[in-house]
Amino acid sequence: MITLQNVSKKFRRAAVLDDLSLTLERGDRVALIGSNGAGKTTMIRCILGQYDHQGMITVNGLEPRNNRETVLKTIGFVPQIAPPLKMPVGELLRFCAGTTGIGVADIEDIGKRLEIDLGALANRPFVKLSGGQKQKILIAIAIARKPDLIIMDEPTANLDPQARQILFDLLSERGDLPVLISSHRLEEVAGLVNRIIELDQGRVVLDDVVEDGGDLSERLPCEVTLARPDGAFAKAIADWRFSPSNEDIVWTGEVAGADRLRFFGVIARYSGIIDGLEMGKTSRNLTSKGGDKNV
Amino acid sequence: MRGFWLATRLDISESLRARWFLFYSLVFGGIIVVLFLFGLTESRVTGFTGLTRLLVTYIQLSMAILPIFVLITTVRSLAGDREAGVYEYMLSQPVSLAAWYWGRFFGRFVTVFSPVVLAMAVAVIWGVLRGADVPVFHFVWYSLLLVSLSFCFLGLGFLISSMTRSSDVAQSAAFFIWLILLMFLDLILLGVIIRGQAPSELVVTLALANPLQVFRTASMMLFDPQLIMLGPSAWLILDAFGSTGYLVWGFFYPIVIGLLAGVFGFWIFRRGDLV
């Protein structure tokens, strides 16, 4: 699918990618991790044909710099920072739909799944939208074109848990579609991937398999019991769409399987007031009551 | 071609939304309004000459304003887009670099050329409605010369944008180029060179090489065929070229400069890092 052979990239004299060699196959869902300056974004830009570089990169056997249109038609890209586009959303959608031969309605349909009404936002300047809205639009554009590969740079940074769950569902529906996700922190994307590549100073320092890469559409019913009601906890757990009962002592809801590490990270902040935590395992079409419970 | 038209449309609608375009249109529209009052006053006395003179004054003011406007707005938006990360996303879309670059070039050409010629056309129509004769010859030639001048500086703007990595550097370079060309206008440096008894060939070459001077001489030639109002180099040029020959040069030379600059800019754009 993607092959990098001895790829090097220097900015002035500083080597950002240093003789990098990698192969990504169909079915790989790769977390590309590393600290700032490790070379993640540079590597992505090389794959997108945006940087001149040494060595060879091929996507489906084609070199991106020399076969831009063909290669980029097969890649859905979501950047880390949404571009400050002054154009209205409708115009952005028309441009992106026009370059890929899909209809604006296709993007709007994905938008609906992500709970954003793109028709209503058509005349709003893209740059004026919230971070989450921009992210959803870029994800909708990337997925609607039915790519052979999705590249996402920090894709879930601005998404709420519900939107992340929908994103996981959308990726899950695309079967063994290869995904390359760049992130600073592994726990942000660990549930999404089945392979981890860590870069440091432009070199691969870790290339490992994640055995836990389960079904992306999996949802885990969860119940949190508090020692006492707490306003800050209520606010934090409301983002995850949990419902209170028993005078705000017991909170129940569902957590996306791929998002559970992030959920535990939130819960850990309130460990002092948590009396109990129960998380089950169930398929998304089953009710939480029927699932096997893991405590 | 689909990518080309998509990029053209994108650039035109982006320009129409931009504040610079509003200001740009208001400047040229405002000039016409102000000049027209003088033109009308004069036409009562001299008839046909009034409208022609209005066009001459307009074209001279255009020469002063249009190049710097085109240069600065072009490099600001192109280099600014790259700097802000717009290119990272837009160039991840499956559009060829040629379609993207030339589509934007064409779109920008339409937006810088249209207000100038539209303002001139409105002046002509208004003058005709007030009873003046239509200076068709002047209108057509002035339009052609404006096409040529816009194209030239657009090409230079795209070249500067491709060569620079930041909008600050791009704007400084654009301003510097404009200043250099301004310095080599007939009445300034060329006059000084002639005073210093430089060879006439050098003076003519410098005057012919400067697209601003070429535009200025050609536009004045339409109004003042003997170039009495112009400086010494124009006299030499008129002797060497003849009136028609110089008009042809005046139209084609800036276009060739703009095209070469645009092509060179594209070559730089596509061979290096895009973002």
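Small disclaimer: the values here were computed from a predicted structure and weren't measured.

Asks: Explain the domain arrangement of chain A here, please?
Replies: Interface size is commonly expressed as the accessible surface area that is lost when the partners come together. Residues and elements named next belong to chain A. If you check the domain split of chain A, you get domain 1 (2-209) and domain 2 (219-294). Residue-level contacts link 11 residues of domain 1 with 11 residues of domain 2. At the level of secondary structure, the elements contributing two or more residues to the side of domain 1 that touches domain 2 comprise α6 (161-173) and α7 (186-189). Tallying contributions element by element places α6 first for the side of domain 1 that touches domain 2, with five residues.

Asks: Teacher, can you tell me more about the interface of chain A and chain B here?
Replies: Listed per partner, the contact involves 23 residues of chain A and 23 residues of chain B. When contributions to the side of chain A that touches chain B are tallied by element, the ones reaching two or more residues are α2 (68-73) and α3 (89-100) of chain A. Among the elements that take part in the side of chain A that touches chain B, α3 of chain A stands out by supplying six residues, more than any other. Per-class residue counts for the side of chain A that touches chain B are 12 nonpolar, four polar and seven charged.

Asks: Which parts of the structure should I look at to understand the packing of helix α10 (residues 211-223) of chain B against helix α12 (residues 243-271) of chain B?
Replies: How two helices pack is summed up by the angle between their axes together with the distance between the axes. All names here are of chain B. As a packed pair, α10 and α12 sit with axes 9 Å apart at the nearest point and diverge in direction by 145°. Pair α10 / α12 crosses with left-handed handedness. Here α10 contributes Pro 211, Val 214, Phe 215, Thr 217, Ala 218 and Met 221 to the contact with α12, which in turn contributes Ser 243, Tyr 246, Leu 247, Trp 249, Gly 250, Tyr 253, Pro 254 and Ile 257. Along the lines of polarity and charge, the residues of the contact of α10 with α12 split into 11 nonpolar, three polar and no charged.

Asks: Help me understand the nonpolar core in this model?
Replies: One broad rule of soluble globular proteins: the nonpolar side chains tend to lie buried together. Core analysis: the largest hydrophobic core is formed by 151 residues, its most contacted members being Val 30, Ile 47, Ala 140, Ile 151 and Ile 181 of chain A. If you count residues domain by domain, this core takes at least three from each of domain 1 (2-209) and domain 2 (219-294) of chain A.

Asks: What should I look at first to understand the sheet that holds strand β5 (residues 75-78) of chain A in this one?
Replies: Neighbouring strands of a sheet are bound in pairs by backbone hydrogen bonds; such pairs are parallel or else antiparallel. Residue and element names in this part refer to chain A. With respect to topology, six strands assemble into an open sheet ordered β5-β6-β7-β3-β8-β9, the strand pairing being mixed. Two strands lie at the open edges of the sheet, namely β5 and β9 (203-209), each paired on one side alone. Strand-to-strand twist across the sheet, computed as the mean angle between neighbouring axes with direction ignored, equals 15°. Where strand β6 (residues 149-153) and strand β7 (residues 179-183) come together, four bridges link them in parallel fashion. Counted as the bridge partner of Ile 150 is Val 179 from β7. Relative to the sheet, helix α1 (residues 40-47) contacts β3 (29-33), β6, β7 and β8 (195-200), its axis offset from that of β6 by approximately 150°.

Asks: How should helix α4 (residues 104-113) of chain A be read in this particular structure?
Replies: Residues that lie three or four places apart on an α-helix share one face, since the helix turns once every 3.6 residues. Residues and elements named next belong to chain A. Turning to α4, its buried residues number three or more, namely Ile 107, Ile 110 and Gly 111. Seen along its axis, α4 keeps its buried residues to an arc of 105°; they face one direction. The inward-facing, buried residues of α4 contact α3 and α5 (131-144). Two residues or fewer past α4, Glu 115 is found with a positive phi of approximately 65°.

Conventions and cut-offs
- Throughout this description, residue numbers start from 1 for each chain and increase along the sequence as written.
- Chain labels run from A onward and ligand labels from 1 onward, assigned in the order the entries are written.
- Owing to the predicted nature of the model, reporting of local features is limited to residues with pLDDT of at least 70; listing and counting of side-chain atom pairs is limited to 80 or more, with chain, interface and lining totals taken over all residues.
- An automatic or database domain assignment supplies the start and end points of every domain.
- With C-beta atoms placed from the backbone, a contact is any residue pair whose C-beta atoms sit within 7 Å.
- Helix and strand labels come from DSSP, where a helix needs a run of H or I of at least four residues and a strand needs a run of E of at least two; each type is numbered from the N terminus.
- Under the convention adopted here, Pro, Cys and the residues Ala, Val, Leu, Ile, Met, Phe, Trp and Tyr are nonpolar, Asp, Glu, Lys and Arg are charged, and Gly plus all remaining residues are polar.
- Axis lines are fitted through C-alpha atoms, for helices just across the contact stretch, and the angle between N-to-C directions can take any value from 0 to 180 degrees.
- Each crossing is labelled by how the near helix is turned from the far one, with a counterclockwise turn of less than a right angle marking it left-handed and a clockwise turn marking it right-handed.
- For the purposes of this analysis, a nonpolar core is taken to be any set of buried Ala, Val, Leu, Ile, Met, Phe, Trp, Tyr and Cys residues that are connected through C-beta atoms within 7 Å.
- Think of it as a crowd count around each C-beta: if 20 or more other C-beta atoms lie within 10 Å the residue is buried, if 12 or fewer it is exposed, and in between it is partly exposed, with C-beta placed from the backbone throughout.
- Strands qualify as paired when DSSP identifies two bridges or more between them.
- The directions considered for the arc are those from the helix axis to the C-beta atoms.

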